[in-house]
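Summary of the model geometry
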Amino acid sequence: VQLVESGGGLVQPGGSLRLSCAASGFTFSSYVMRWYRQAPGKERELVATITSVGGRTNYAESVKGRFTISRDNAKKTVYLQMNSLKPEDTAVYYCNAYYRAYEYWGRGTQVTVSS
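We now turn to the structure provided with this report. Worth saying up front: this structure is predicted, and the values here are computed from it rather than measured.

Cut-offs and rules
- Residues numbered from 1 in each chain as written.
- Predicted model: local features only at pLDDT ≥ 70, side-chain atom pairs only at ≥ 80, totals over all residues.
- Heavy atoms only, no water.
- Pairing = 2+ DSSP bridges.
- Helix = DSSP H or I, 4+ residues; strand = E, 2+ residues; numbered from the N terminus.
- Axes fitted to C-alpha atoms, helices over the stretch in contact; angles between N-to-C directions.
- Contact = heavy atoms within 4.5 Å.
- Buried < 20%, exposed > 50% of the residue type's maximum accessible area, 1.4 Å probe, protein only.
- Phe/Tyr/Trp six-rings, centres within 6.5 Å; stacked < 30°, edge-to-face > 60°.
- Lys NZ or Arg CZ within 6 Å of the ring centre and 35° of its normal.
- Disulfide = S-S within 2.5 Å.

1. Concerning the sheet that holds strand β7 (residues 67–72)
Taking strand neighbours across the sheet as the criterion, the four strands line up as β1-β3-β8-β7 in an open arrangement whose pairing is antiparallel. Because the sheet does not close on itself, it has two edges, and the strands there are β1 (2–6) and β7. Strand-to-strand twist across the sheet, computed as the mean angle between neighbouring axes with direction ignored, equals 15°.

2. Quick notes on the side chain of T49
Topologically, T49 is positioned in strand β5 (residues 45–50). With residues up to four places along the chain from it excluded, the contact list for T49 reads V32, M33, R34, R56, T57, N58 and I69.

3. Looking at the pairing of strand β11 (residues 109–113)
Burial of β11 is one-sided: the residues T109, V111 and V113 facing one way are buried, the residues Q110 and T112 facing the other way are not. With three bridges connecting them, strand β2 (residues 9–11) and β11 associate as parallel partners. By the bridge assignment, V11 is partnered in β11 with V113. With three bridges connecting them, strand β9 (residues 91–99) and β11 associate as antiparallel partners. For Y93, the partnering residue across the bridge sits in β11 and is T109.

4. Overview of unusual backbone geometry
Even without being a glycine, S84 presents a positive backbone phi close to 50°. A positive phi angle, close to 50°, is found at R100, a residue other than glycine. Tracing the backbone shows R100 in the loop between β9 and β10 (102–105).

5. So, the packing of aromatic side chains
Scanning the entire structure with this criterion turns up six aromatic pairs. Ring geometry for F26 against F28: centres 6.5 Å apart, planes inclined by 50°, an arrangement best described as tilted. Accessibility classification places F26 together with F28 in one group, the buried group. Three or more aromatic residues link up through ring pairs in this structure, and these residues are F26, F28, Y31, Y99 and Y104. A cation over a ring is seen here: R18 above Y79, with NZ or CZ 4.0 Å from the ring centre. Here R71 stacks its cationic end above the ring of F28, 4.6 Å away from the centre of that ring.

6. Side note on the pairing of β9
Where strand β4 (residues 32–38) meets β9, seven bridges bridge the pair, whose relative direction is antiparallel. Within β9, the residue paired with Y36 across the bridge is Y94. In this structure, β9 lies alongside β10, joined through four bridges in antiparallel fashion. Across the sheet, the residue bridging to A97 is Y104, located in β10.

7. Points about the state of the cysteines
Two cysteines form a disulfide when their sulfur atoms are joined by a covalent bond. In total, this model carries one disulfide according to the counting rule given. There is a disulfide in this structure between C21 and C95, and the S-S distance comes to 2.1 Å. For the disulfide bridge between C21 and C95, the dihedral angle about the S-S bond is near -85°, and by the sign convention the bridge is left-handed. Of this pair, C21 sits in strand β3 (residues 17–24) while C95 sits in strand β9, and the two are 74 residues apart along the sequence. Like C21, the residue C95 is buried in the burial classification.

Shown next as structure tokens:
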């Protein structure tokens with residue numbers, strides 16, 4: 001099982017990034033997919049969720065209206081489009097797959113928002 005995040009980097013405030021998470025080794029379409037983030041000295045925070053069926057989404061209040069989660073089951077990939085980025089969005093972003101008793105994590109990708 002693998003979850004591999006990509007797309008992180010350094011961006012100025014107000015800018016955009018698109019994170020990707022490529023999955024392998026499990027039935028991707030059956031899993032709820034989530035993006036978490038963890039800033040230095042803080043607890044890991046749930047940012048966005050997308051269900052396996054119907055693709056319903058949910059967001060943390062801090063990112064509503066700025067971030068969009070989506071998935072492509074054919075490509076076994078989940079995305080996080082991040083717009084209007086703020087310095088407080090700086091964190092390591094992790095991909096998570098969840099289904100019943102099964103849960104998998106990626107290693108994370110660093111996002112730094114700074115001028």
